[in-house]
Amino acid sequence: MKKYFSLVLFAHSVFALPFALIGFFLGVISTPNPFNWMLFVQVLLCMIFARNSAMAFNRFLDRKIDARNPRTQMRDIPSGKVSSNEALIFVIINCILFIITTFFINSLCFYLSPVALFVVLFYSYTKRFTALCHLVLGLGLSLAPIGAYIAVTGAFSIVPVLYSFAVLFWVSGFDIIYALQDEAFDKGEELHSIPAALGIKNALRLSVVLHTLSALCVVLPIFYAAFSFGYFYYIGVIFFCFMLIYQHLLVKPNDISKVNRAFATTNGFASVIFAACFLIDVFLRTNFNL
């Protein structure tokens, strides 16, 4: 179990999972139905299975590339900690479990489950033919809030879609920052990425644009939600935006030594604190009971 947690970098679940919780509880307060613990567990399982599938498939597909990259040579498959067959079996099992779990949620989730899996798995191919691979990764993680909302309500709504766009732009932006480390390697291997296509300076500029759009998307729900947000939500928005700015202060065109700090630590805090502020605000300002 420990080696599979390492394979899928389970700790990085802090990126999308908090937004899935936002989508779930947004759905709960948007319907007259009471909170359902079984449904909550099913949504969490779907998040785990989908992410396990995506990460393990990425490691499986990139195993030869990772072996040639000095930065990634010690990842689990190139280093021999996990065999390629073990990783592929792990992917298949998690895909099956994901689809089975959606069947017990509602019909819309079940019918959309292959689409969700296609998006999160297809990302792993994209660096081979397009520099827009970062946006595809963002799209995959952006399914978390709207997927959780659909699990509760069985319908679409503009507010969870706004949170999905926030995740799309946020993840795309910080994945560009993370890819700065491999600019030279990607060019040498003829792999596609924004840093390889535009250079470090312009890649950072594009990341700023994407993060600005993400910040806008966490502000817009204030005007579209069926209920009024309070001070905790505003605090969450301010903190989230500050973390977006802070990571761009850490990484400069002539100094990318703090990329890992900007990528993992900063964005992990951004999502967790923002989701916590959202949930506290919802619990305090609505008639919500567990």
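Keep in mind that this is a model prediction, so the values were computed, not measured. (Residues numbered from 1 in each chain as written. Predicted model: local features only at pLDDT ≥ 70, side-chain atom pairs only at ≥ 80, totals over all residues. Heavy atoms only, no water.)

J.: Help me understand the overall build of the chain, please; the structure alone is not making it clear to me.
T.: If you tally the helices and strands in the chain, you get 14 helices and zero strands. Each helix and strand of the chain, ordered N terminal to C terminal, gives the series α-α-α-α-α-α-α-α-α-α-α-α-α-α. A globule of 290 residues ought to have a C-alpha radius of gyration of about 19 Å, and the chain, at 19 Å, matches this closely. For the chain, the proportion of contacts with a sequence separation of at least 24, taken over those separated by at least 6, is 74%. Across the chain, 19 positive and 12 negative side-chain charges occur, with their mean positions spaced 4 Å apart. (Helix = DSSP H or I, 4+ residues; strand = E, 2+ residues; numbered from the N terminus. Rg over C-alpha atoms; globule rule 2.2 N^0.38 Å. Contact = heavy atoms within 4.5 Å. Lys, Arg positive; Asp, Glu negative; His and termini not counted. Charge placed at Lys NZ, Arg CZ, Asp CG, Glu CD.)

J.: Is there a simple way to think about a nonpolar patch on the surface in this case?
T.: Judged by side-chain polarity, I89, I92, I93, I96, L97, I100, F103 and F104 come together as a nonpolar surface patch covering roughly 770 Å² of accessible area. Inspection of the secondary structure puts I92 in helix α5 (residues 84-103). (Patch = residues over 30% accessible without salt bridge, like charges linked within 9 Å, V, L, I, M, F, W, Y side chains within 5 Å. Areas by Shrake-Rupley, 256 points an atom, 1.4 Å probe, with all protein chains shown as cover. Salt bridge = Lys/Arg side-chain N within 4 Å of Asp/Glu carboxyl O.)

J.: Got a minute to help me understand the nonpolar core in this structure?
T.: Soluble globular proteins: nonpolar side chains tend toward being buried together. Core analysis: the biggest nonpolar cluster contains 88 residues, and F24, Y163, W170, F274 and F278 have the highest contact counts within it. What F278 contacts, discounting residues up to four positions off in sequence, is I22, L26, Y163, F229 and Y233. (Core = buried A, V, L, I, M, F, W, Y, C linked by side-chain atoms within 4.5 Å. Buried < 20%, exposed > 50% of the residue type's maximum accessible area, 1.4 Å probe, protein only.)

J.: What am I meant to see in helix α2 (residues 17-29) here?
T.: Every α-helix carries 3.6 residues per turn, so stepping three or four residues along brings you back to the same face. Between the first and last C-alpha of α2 there are 19 Å, a value that for 13 residues agrees with the 18 Å anticipated at 1.5 Å per step. Burial of α2 is extensive: 10 of the 13 residues sit out of reach of the surface. When we look at burial in α2, the residues that qualify are P18, F19, A20, I22, G23, F24, F25, L26, G27 and V28. Buried residues in α2 make contact with α3 (37-61), α7 (133-153), α8 (158-179), α13 (231-250) and α14 (259-285). (Expected span 1.5 Å × (residues − 1).)

J.: Please clarify how the packing of α3 against α5 should be interpreted in this entry.
T.: Angle between the axes and distance between the axes are the two parameters that describe a pair of packed helices. At a closest axis distance of 8 Å, the pairing of α3 and α5 adopts a crossing angle of 155 degrees. The orientation of α3 with respect to α5, classified from their angle, is roughly antiparallel. Seen along the crossing, α3 lies across α5 with a hand that is left-handed. Contacts between α3 and α5 involve Q42, L45, C46, I48, F49, A50, N52, S53, A56, F57 and F60 on the former and, on the latter, S84, A87, L88, F90, V91, N94, C95, L97, F98, T101 and T102. (Axes fitted to C-alpha atoms, helices over the stretch in contact; angles between N-to-C directions. Parallel < 35°, antiparallel > 145°, perpendicular 65-115°, else oblique. Left-handed = near helix turned anticlockwise from the far one by under 90°.)

J.: Sorry, what's going on with the environment of F232 here?
T.: With respect to the helices, strands and loops of the structure, F232 is situated in helix α13. Taking the C-alpha atoms as reference points, F232 and I280, 48 residues apart in sequence, are found 6.8 Å from one another. Among all residues touching F232, those that are not within four sequence positions of it are C277, I280, D281 and L284.

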